[in-house]
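Fold and contact review
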Amino acid sequence: MTLTLEPILRSAGISPADAQVIRHAYVKEHEDTGTSGIHADSTDDEILAYTASQSSNPRQFPAKPPRFWIVFVPEGGTRARLWSVVEHRGETSNDGQRRTFDLVQSDHMQDLRERLVIGWRSPRTWRLNGPTAAGYPVVEIADSQPIPFPGFDRLILDHARLQAVMREHRYAAWRTALSSVVGIYLITDTRDGRQYVGKADGAESIRQRWGVYASNGHGGNVELRGLDPTSFRFSILRVFDPATPTPVIDQTESHFKHVLDTRKHGLNRN
């Protein structure tokens, strides 16, 4: 049995009836409009802006487009590789020739970006209704490309990214690095700016400690229970060799709590 796009859409929480699928072509300029096209080295911002500009002719583009646009870019032959899923949030302009839409890149199918390849059965068609495209075959789901570890000083993660770091193959180097150290970390609730200073010490590496946050959101900390972890931002203040004496780590943790005033104006209780 051939795997099709439909179960992948549904597993990502996207109903085919609420989607359209687009396969862009690489062109320098469109002959009918004179507008610039995109190419293999176009940035995400350029592709998003290009996707947001569509014809005002309802025969070329639906008058009421669906919520989700599944956007592919071309490969050799009939292959189309997933660029991104974007969410349509309304029309922002229409001059009678071109319409511009407010599009936002969605987290839906994010783990399949640049990995999912489908067979595009209609080479002369660039846009399909979701139910039609749902029957198109999946020809490849490529392995994830490893993502280089940015360094402890540059590590900033929201909760969703933290969960990905703890489970996805492409972040294996990150898990190795985080397993090699103990230290002091910072959690910032981006909704109100309050901060929490925590530590990983003894036999518990930063990877192990953060793995608990990835799992339950609060890491067992009373101060963080009841808060929405989707607004948390994780970073590292200082790392130590695992052989570092516990009192040294405790003193450093206390120092950062004092400097950042997280006991009085943050989320630390002691």
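I will try to describe carefully the structure that is included in this document. On a predicted model such as this, the values are computed, not experimentally measured, just so you know.

Side note on the packing of helix α5 (residues 172-179) against helix α6 (residues 206-216)
Their axes nearest at 6 Å, the elements α5 and α6 cross at an angle of 115°. Mapping the contact onto sequence places Arg175, Leu178 and Ser179 in α5 and Ile206, Arg207 and Trp210 in α6. Partitioned by chemical class, the residues of the contact of α5 with α6 number 3 nonpolar, 1 polar and 2 charged.

Considerations on the pairing of strand β6 (residues 116-119)
Burial along β6 is two-sided: Leu116 and Ile118 and Val117 and Gly119, pointing in opposite directions, are all buried. Across 3 bridges, the pairing between strand β4 (residues 79-94) and β6 is antiparallel. Across the sheet, residue Arg79 finds its bridge partner in β6, namely Gly119.

Some remarks on the pattern of salt bridges
Considering all chains together, one arrives at 14 salt bridges under this definition. Taking the shortest distance from any N to any O, the salt bridge between Lys199 and Glu253 comes out at 3.9 Å. Pair noted here: Lys199 is in strand β11 (residues 195-200) and Glu253 is in helix α7 (residues 246-260), with a separation of 54 residues, a long-range link. Judged by its relative accessible area of 25%, Lys199 is partly exposed. You can call Glu253 buried: its relative accessible area is 11%. Across the salt bridge formed by Lys257 and Glu253, the nearest N and O atoms sit 3.5 Å from each other.

A look at the nonpolar core
Among the nonpolar cores identified, the biggest contains 23 residues, and Leu157, Leu162, Leu178, Ile187, Trp210, Tyr213 and Phe234 are the most heavily contacted of them. Sorting the residues of this core by element identifies α4 (159-167), α5, β10 (182-189), β11, α6 and β12 (232-240) as the ones contributing at least two each. Discounting residues that sit within four places of it in the chain, Trp210 has contacts with Leu155, Leu157, Leu162, Met166, Leu178, Tyr185, Phe234, Ser235 and Ile236. Ile8, Val21, Val85 and Leu128 belong to the second largest nonpolar core, which has 21 residues in total.

Quick notes on the packing of aromatic side chains
All told, the structure shown has 13 aromatic pairs when counted by the stated rule. Aromatic side chains Phe61 and Trp69 sit 5.3 Å apart centroid to centroid with 65° between the ring planes, which places their arrangement in the edge-to-face category. Residues Phe61 and Trp69 agree in their burial class; the two are buried. Ring pairing ties together the aromatic residues Tyr185, Trp210, Tyr213, Phe232 and Phe234, which thus form one cluster. Over the ring of Trp83 we find Arg113, and its NZ or CZ is 5.6 Å from the ring centre.

Considering the packing of α4 against α6
Where α4 meets α6, the closest approach of the two axes is 9 Å, and the angle between their N-to-C directions is 125°. Taken together, the axes of α4 and α6 are oblique relative to one another. The interaxial crossing formed by α4 with α6 has left-handed handedness. Together, His159, Leu162, Gln163 and Met166 of α4 and Arg207, Trp210, Gly211, Tyr213 and Ala214 of α6 make up the contact between the two elements.

Cut-offs applied
- Residues numbered from 1 in each chain as written.
- Predicted model: local features only at pLDDT ≥ 70, side-chain atom pairs only at ≥ 80, totals over all residues.
- Heavy atoms only, no water.
- Axes fitted to C-alpha atoms, helices over the stretch in contact; angles between N-to-C directions.
- Helix = DSSP H or I, 4+ residues; strand = E, 2+ residues; numbered from the N terminus.
- Contact = heavy atoms within 4.5 Å.
- Nonpolar A, V, L, I, M, F, W, Y, C, P; charged D, E, K, R; others polar.
- Buried < 20%, exposed > 50% of the residue type's maximum accessible area, 1.4 Å probe, protein only.
- Pairing = 2+ DSSP bridges.
- Salt bridge = Lys/Arg side-chain N within 4 Å of Asp/Glu carboxyl O.
- Core = buried A, V, L, I, M, F, W, Y, C linked by side-chain atoms within 4.5 Å.
- Phe/Tyr/Trp six-rings, centres within 6.5 Å; stacked < 30°, edge-to-face > 60°.
- Lys NZ or Arg CZ within 6 Å of the ring centre and 35° of its normal.
- Parallel < 35°, antiparallel > 145°, perpendicular 65-115°, else oblique.
- Left-handed = near helix turned anticlockwise from the far one by under 90°.

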